[in-house]
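Spelled out from the first residue to the last, the chains are:
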Amino acid sequence: MLYRSHVMVCGGTGCTSSGSDEVAERFIEEIKKAGLDKEILVVRTGCFGLCELGPVVVVYPEGVFYSRVKPEYVPEIVEEHLLKGRPVRKYIYGESLEEKAIKPLEETPFFRKQRRIALRNCGVINPEDIREAIAFDGYKALAKVLTEMTPEQVIEEVKKSGLRGRGGGGFPTGVKWEFAYKQKETPKYVVCNADEGDPGAFMDRSILEGDPHSVLEAMAIAGYAIGANHGYIYVRAEYPLAVKRLKIAIQQAREYGLLGKDIFGTGFDFDIEIRLGAGAFVCGEETALLNSIMGKRGEPRPRPPFPAVKGVWGKPTIINNVETFANIPPIILNGGEWFASIGTEKSKGTKVFALTGKVNNTGLIEVPMGTTLREIIYEIGGGIPGGKKFKAVQIGGPSGGCIPAELLDTPIDYDSLTSAGAMMGSGGLVVMDEDTCMVNVAKFFLEFTVDESCGKCAPCRIGTKRMLELLDKITSGKGEEGDIEKLEELAKTIKATALCGLGQTAPNPVLSTLRYFRHEYEAHIKEKRCPAGVCTALLSFVIDPEKCKACGICAKNCPVGAIFGKPKTPYVIDQEKCIKCGTCIDKCPFGAIYKK
Amino acid sequence: MKTLEELERIRKETLEKINLRKDRSGVRIAVGMATCGIAAGARQVMMAILDELAKRNVTNVLVTETGCIGMCKLEPIVDVYMPGQEKVTYVKVDEKKARQIVVEHVINGHPIREWTIENYE
Ligand SMILES: Cc1cc2nc3c(=O)[nH]c(=O)nc-3n(C[C@H](O)[C@H](O)[C@H](O)COP(=O)(O)O)c2cc1C
Ligand code: FES
């Protein structure tokens, strides 16, 4: 039976937590009640990328996009839209509404500038149904590789595509595969890095939840290319939905004979196992990850030997990121040259980013390399909310850096970002407005690395801790002349001497904020002032005598009794006693108290 | 999976069912499904169209519902949009006519003029 309409209810982690399960159930129920269940299909999908607006529902064939759908809206949508063909404008995502028409999802500003290769099926298929993956060319690339190509040709195609690792390092994928292919030792292994530890990042999770088969297929292709018959997916246990969908996908792929023995009757065997990580950031580092897979402590080791020579169980192994893998099937099907025609001179293809922070449309986006930060923030992201001024964008997570307004026209590619003092990283983009204190931002990321440092090497274990202490000192108003220089010296030493990427890149957030926002550090140290008004220790709470009505509510609520006054005269705050908790600001009915 | 043919078969079979999520270039049939249309039997017309398409393995046709166009007494109304051609509006369609529209117009490309709105006396 053909269904004339499909109701896609997002089943990504974002929408599930905003209640999409209930919305889906309600749709099924109401559609049945209306007698439409033979004509209309309800599908649970992966993430659409607009999690902020969840639960998200898209109705095909029109592509009408409903946002923030509550279960109680469902009967109306079913009755009006599904039965009578009149989309319910009041529940539709505002940016797709026009005077007389409703634009389909792909034509809204959020989607128009995107180009979805790795995310091609996310939000479009039911990830728990292998047939839907197959319908949109799933496993076709594997079939092509196994029946028409030699391993050398596969590697050549991937090299031609110019694909570089999406997990942070940016190493050319084809070269990595070739390296492993040339190793004589067997057995060999293929590992998928799905540890995704950057705070706020959810690119890999969304791919695994929305299109797990693309990763399985790519791993099998990689196995064929390097001569491996076994794969591991290392995924953090904090991604229960991704793990569940992966398990279902592996199970179905085995049932359909797309994993296992003698795939397509070609004699090629390949199978995949899931390994759960406990969610330590350092376990995303490849050598630590290898240790963790083998049941050892997740600590890094020096390289060489590289995993391609000595990986899992001491055997040749390739490790690639989830998004890297998701790009492989389209490269095989459309050719390396096709992929290389997208992007810039040295950075090919697209990149997925998790766009968050002070921006109107937060979400998951995929753009061609070379797109500028301005396009991402102002066109796709819809600009900064509340008419605030843009200050900086943090890119690359705890290993990355901040890019200021002057450099908004920087194109997104590996080299431009590195020369701007940031890095591509795995794809976190945090937008910050004028109310953000850059010293505080640096402190946030450093706190993260201090927490996540495995402690194996001294520069990382002790050095980052010392840096954090300095930042603490500066933000609490105790900064002294010379602290900035100390920070810089520590940063240089740590970068040069730490054992693994975690330590080597940990100082980046500090260095990049020092590079572009040194004046903010200086204001904290020399003038004991936080220009953005964030660092509480440097602020004082004051009562505006003009606005104060002497009601005394602030004094009654002050937990330390720091506010004094008498009827009819404005109250005052004793700065010595004030602990800057902010209670008085919240309680004042006249908005008479402010920070300065 | 032992053969490529098998993969291709599953691909085609499933694509028919879910292609409407991606492909917007094919033929579109819109059935008037406001209160008036439904009262006049638009639901059965829609089901007949879906059934006929499925029976004949036609994949690139989208069937949608549309609202009332203000000619309630002519319902059920069915619009057929073919790429690059003007829309053809059929009026007073019933199940039998609907099946024929699918075969003659949508598949064979010959609009059935005597049932269109222009020729309604
Ligand atoms: C501290 C640290 C954490 C990392 N975390 C991840 C991660 O979460 N996911 C990932 O794919 N790569 C991560 N990497 C990069 C991996 O070491 C490795 O380069 C990558 O998985 C290789 O795959 P690719 O070439 O496809 O990017 C991390 C590296 C470091 C130093
Ligand atoms: S989880 Fe639904 S849009 Fe991201």
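Residues numbered from 1 in each chain as written. Chains lettered and ligands numbered in written order. Predicted model: local features only at pLDDT ≥ 70, side-chain atom pairs only at ≥ 80, totals over all residues. Heavy atoms only, no water.

- The name given to chain B in an unreviewed UniProt entry is Fe-only hydrogenase subunit HydD, with Caldanaerobacter subterraneus subsp. pacificus DSM 12653 as the source organism.

- Chain A goes by NAD(P)-dependent iron-only hydrogenase diaphorase component flavoprotein in an unreviewed UniProt entry, where it is assigned to Caldanaerobacter subterraneus.
- Under Sequence similarities (unreviewed entry), UniProt gives the following word-for-word description of chain A: "Belongs to the complex I 51 kDa subunit family." (UniProt positions renumbered as here; feature names shortened; annotations may be inferred.)

## Describing the domain arrangement of chain A
Now for step 1: Taken as a whole, chain A is organised into domain 1 (5-111), domain 2 (130-340), domain 3 (350-433), domain 4 (438-526) and domain 5 (540-595).
Now for step 2: Between the C-alpha centres of domain 3 of chain A and domain 5 of chain A the distance comes to 40 Å. (Domains from an automatic or database assignment.)

## Description of the site of ligand 1
All names here are of chain A.
Now for step 1: As a matter of local geometry, ligand 1 sits amid 18 residues, with Gly167, Asn193, Asn320, Asn321 and Thr324 nearest to it.
Now for step 2: A distance of 3.2 Å is found between a nitrogen atom of ligand 1 and a backbone nitrogen or oxygen belonging to Gly284.
Now for step 3: Within the backbone of Ile319, one N or O atom sits 3.4 Å away from an oxygen atom of ligand 1.
Now for step 4: If ligand 1 stood free it would expose 610 Å²; the protein chains cover 89% of that surface.
Now for step 5: For the shell around ligand 1, the secondary-structure elements that each account for two or more residues are β9 (317-321) and α20 (501-505).
Now for step 6: Looking at side-chain class alone, the shell around ligand 1 contains three nonpolar, nine polar and six charged residues. (Near = heavy atom within 4 Å. Polar contact = N/O pair within 3.5 Å; in protein donor to acceptor, adjacent residues only side chain to side chain. Areas by Shrake-Rupley, 256 points an atom, 1.4 Å probe, with all protein chains shown as cover. Helix = DSSP H or I, 4+ residues; strand = E, 2+ residues; numbered from the N terminus. Nonpolar A, V, L, I, M, F, W, Y, C, P; charged D, E, K, R; others polar.)

## A word on helix α6 (residues 140-148) of chain A
Now for step 1: Among the residues making up α6 of chain A, those that are buried are Ala141, Leu142, Ala143, Val145 and Leu146 of chain A.
Now for step 2: Lining the buried residues of α6 of chain A we find α7 (151-161), α10 (212-226), β7 (260-263), β8 (268-277) and α13 (322-334) of chain A together with α1 (4-18) of chain B. (Buried < 20%, exposed > 50% of the residue type's maximum accessible area, 1.4 Å probe, protein only. Contact = heavy atoms within 4.5 Å.)

## Focus: the interface of chain B and chain A
Now for step 1: Taken together, the contact pairs 35 residues of chain B with 47 residues of chain A.
Now for step 2: For the chain B and chain A pair, buried surface summed over both sides reaches about 3,400 Å², with 62% attributable to carbon and sulfur atoms.
Now for step 3: Here Arg43 of chain B makes a salt bridge to Glu39 of chain A, at a shortest N to O gap of 3.0 Å.
Now for step 4: Where chain B packs against chain A, one counts seven residue pairs in polar contact (both at pLDDT 80 or more).
Now for step 5: Taken together, the residues of the side of chain B that touches chain A sort by class into 18 nonpolar, seven polar and ten charged. (Buried area = accessible area lost by both parts, 1.4 Å probe. Salt bridge = Lys/Arg side-chain N within 4 Å of Asp/Glu carboxyl O.)

## Examining the sheet that holds strand β3 (residues 78-81) of chain B
Residues and elements named next belong to chain B.
Now for step 1: On the basis of which strands lie adjacent, the open sheet formed by four strands has the order β2-β1-β3-β4 and mixed pairing. With partners counted over all chains shown, the strands left at the sheet margins are β2 (61-66) and β4 (88-90), one partner each. Direction aside, the axes of adjacent strands within the sheet are offset by 20 degrees on average.
Now for step 2: Inspection of the sheet shows strand β1 (residues 27-32) paired to β3 by four bridges, in the antiparallel sense. In the strand pairing of β3, Ala30 is matched with Asp79.
Now for step 3: Its contacts with the sheet place helix α3 (residues 42-55) against β1, β2 and β3, and it is angled at close to 175 degrees to β2. (Pairing = 2+ DSSP bridges. Axes fitted to C-alpha atoms, helices over the stretch in contact; angles between N-to-C directions.)

## Thoughts on the packing of α6 of chain A against α1 of chain B
Now for step 1: Running from amino to carboxyl end, α6 of chain A crosses α1 of chain B at an angle of 165 degrees, the nearest separation of the two axes being 11 Å. Taken together, the axes of α6 of chain A and α1 of chain B lie roughly antiparallel to each other. The crossing of α6 of chain A and α1 of chain B is left-handed. Contacts between α6 of chain A and α1 of chain B pair Lys140, Ala143 and Thr147 of chain A from the former with Leu4, Leu7 and Arg11 of chain B from the latter.
Now for step 2: Residues of the contact of α6 of chain A with α1 of chain B, tallied by class, amount to three nonpolar, one polar and two charged. (Parallel < 35°, antiparallel > 145°, perpendicular 65-115°, else oblique. Left-handed = near helix turned anticlockwise from the far one by under 90°.)

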